[in-house]
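These are the residues of each chain, in order.
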Amino acid sequence: ATSETRILRNDGRGVFSNATAAVMPAAGADDWRADRVVAADIDGDGFADLVLATNSLTVPPAGRSHTRILMNEARGGTGANAADRVLRDRTLDVMAPVRRMKTFGLYTPGGGVEYVSDDWRGLDLWVGDIDRSGSGPPEIVLTHDEVKDDNGANANGSIGGVYAHGYSRLSISIDYPYAFYFGGSRRFVWDKAARGGLGRFRFEVNAFPHKQAVTFSLASAPPGIDLPHCNAQYGRPCKGWFTPFTGQRLAIGDLDDDGKLDVAVLSNRTVEQRFTQSSAPVPISSLQVALQGYDLKTGALVVDVTPKFTALGLDLRGDAVAIGATGFPDGNALGSIAVAQAQAPGGSALRLLRWLSVPGGSVEDVTAATLPVPVGANALQASLVRFEDADRDGDLDLVLLAASAPGGTQLALRILRNESSGGQEGVYRRTLDPLLASAETSGDHLDGDALAIGDVTGDGLLEFVVTRAVPGNSGSQTRIVSTTR
């Protein structure tokens, strides 16, 4: 097997060599495929480790975490290359074990059957200090487009569910089932007491809204106590009874300028929610947003503000999302959310929503006031969008990358410059178009499926690394666009 993740080593001057064979673990049952890869210093030793998430159903094998952690370590030994850095698979040591459940076994010979209910498959991934603690390993946030339905349904709905021995008392003395429903987004935090004090990540159950309940009514509940009851066959479904935070894309940033990092999950599909157990699911915003803070209503560690986005009445399905402080309209530090569609929808494919500092918070669509109008085939479509200070003037510009050239002939990599206009800050213009056009060579319109931005050459200026998932033009499918003074 060949590693699906490759390491290109920079010599410090922007010249790369393929170091995959020397650095990556050998490919075997896991070929290190990934839908998203993040480089981050997990153990605080000053070296970047790798976190890889895949949505594959076949690799890694069943029962293993599909979010893997490769630690950057010294090769070791006594040879001349003992100090060389290599990546070693430490998933079993430091990643949260896959989540396992056990089906209710009252009528099952030998008792319930254990199964893997979540193997941490993911479509997008973020690694960083989301709680702004400033100490310890970072947190991991993973998103997916499925609701995790852990009710282990039996053909007889009254005896389906998850085995929950001795959780509460019934009028009869039996073990009974319990149902869990988790959304598509999961958060992992460092548990320093795990592994005898060595530590490992654990799944933070209450990070996002979810539902859990017994699958049949309890008799003789304590006075004033109404235990939730989840069983679809008895007209009490809990699935979909919360904002699911399902999607293909994830963005983290400070939306309400409180110093805490908030979460946006974007789906390219219609997202639905059930608002009562007896009601049918109805469409809500496909852009699902949560602010950091404890939610007394749901018990989650985030406050779900998705209803404010639903109230806009907009189609917020999309393929790319980013959070950044644009400064619109008066230079404030409140965040905005950019949502882009990969295909031109017959208007602007890019939308900008800004958070408002009013009691309880609010959101408004400022697309028309802040973004340039589409011109021809360039409808500002993008499969990736980033807020980045591209020109180093202190304001966040918008970088757009499309998987194919707009109209087949226009640049897929575009930068909208953050400027002042008409007495307002945070207005985006196409000022940098002529500079980007000079980077187009041999019919390569700089289309791509992945984008990295950073100082590759060490000169203090940004480079834009664009790569394709499927080969296009001849030559390298990974291109580097440099900026000069």
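Look above for the structure.
Here's a quick rundown of the structure. (Residues numbered from 1 in each chain as written. Predicted model: local features only at pLDDT ≥ 70, side-chain atom pairs only at ≥ 80, totals over all residues. Heavy atoms only, no water.)

**Overview of the overall build of the protein**
Here comes step 1: The helix and strand inventory of the protein stands at 6 helices and 33 strands.
Here comes step 2: Put simply, the protein has 485 residues, and 48% of those count as buried.
Here comes step 3: Contacts in the protein between residues at least 24 apart in sequence constitute 53% of all its contacts with a sequence separation of at least 6.
Here comes step 4: A total of about 22,200 Å² of accessible surface is found on the protein, and carbon and sulfur atoms cover 52% of it. (Helix = DSSP H or I, 4+ residues; strand = E, 2+ residues; numbered from the N terminus. Buried < 20%, exposed > 50% of the residue type's maximum accessible area, 1.4 Å probe, protein only. Contact = heavy atoms within 4.5 Å. Areas by Shrake-Rupley, 256 points an atom, 1.4 Å probe, with all protein chains shown as cover.)

**Re the pairing of strand β23 (residues 320-324)**
Here comes step 1: Taking burial as the measure, the 5 residues of β23 include 5 buried ones, the bulk of the element.
Here comes step 2: Here β23 shows two buried faces, one formed by A320, A322 and G324 and the other by V321 and I323.
Here comes step 3: Bridge analysis of β23 against strand β24 (residues 336-340) gives 5 bridges, and the strand direction is antiparallel. Within β24, the position partnered with A322 by the bridge is A338. (Pairing = 2+ DSSP bridges.)

**Let's talk about the sheet that holds strand β27 (residues 384-388)**
Here comes step 1: Taken in spatial order, the 4 strands of this open sheet run β27-β28-β29-β30, and their pairing is antiparallel. Each edge of the open sheet is held by one strand with a lone partner, namely β27 and β30 (424-429). Across the sheet, the mean angle from the axis of one strand to that of its neighbour is 25°, orientation sign disregarded.
Here comes step 2: Bridge count for strand β29 (residues 413-421) against β30 is 4 bridges, and the pairing is antiparallel. The residue bridging R417 from the neighbouring strand is R429, located in β30. (Axes fitted to C-alpha atoms, helices over the stretch in contact; angles between N-to-C directions.)

**Looking at the sheet that holds β24**
Here comes step 1: The strand order β23-β24-β25-β26 describes an open sheet built from 4 strands, whose pairing is antiparallel. Whereas interior strands pair on both sides, the edge strands pair on one side only; in this sheet they are β23 and β26 (362-365). For this sheet, the mean inter-axis angle between neighbouring strands, taken without regard to orientation, is 20°.
Here comes step 2: As paired strands, β24 and strand β25 (residues 350-356) are joined by 5 bridges and run antiparallel to one another. In the strand pairing of β25, S336 is matched with R354.

**Some points on the side chain of Q277**
Here comes step 1: When you line up the elements, Q277 lands in the loop between β19 (271-273) and β20 (282-284).
Here comes step 2: By relative accessible area, Q277 is classed as buried at 11%.
Here comes step 3: Sequence-distant contacts of Q277, defined by excluding residues within four places in its chain, comprise H229, C230, G235, R236, P237, C238 and W241.

**Details of the packing of aromatic side chains**
Here comes step 1: Under the criterion given, the structure shown has 7 aromatic pairs.
Here comes step 2: For the pair F188 and F203, a centre-to-centre distance of 6.1 Å together with 50° between the ring planes defines the contact as tilted. Residue F188 is located in strand β14 (residues 186-191), and its partner F203 is located in strand β15 (residues 200-203); the two are separated by 15 residues in the primary sequence.
Here comes step 3: The exposure class of F203 is buried, given its relative accessible area of 14%.
Here comes step 4: Centroid distance F309 to W355: 6.4 Å. Interplanar angle 25°. Geometry classified as stacked. Taken together, the positions of F309 in helix α4 (residues 306-310) and W355 in strand β25 put the pair 46 residues apart, joining distant regions of the chain. Accessibility assignment for this pair places F309 and W355 in one class, buried.
Here comes step 5: Taken together through their ring pairs, the aromatic side chains of W120, F182, F188 and F203 make up a single cluster.
Here comes step 6: For R85, the ring lying beneath its charged end belongs to F47, and the centroid distance is 3.6 Å. (Phe/Tyr/Trp six-rings, centres within 6.5 Å; stacked < 30°, edge-to-face > 60°. Lys NZ or Arg CZ within 6 Å of the ring centre and 35° of its normal.)

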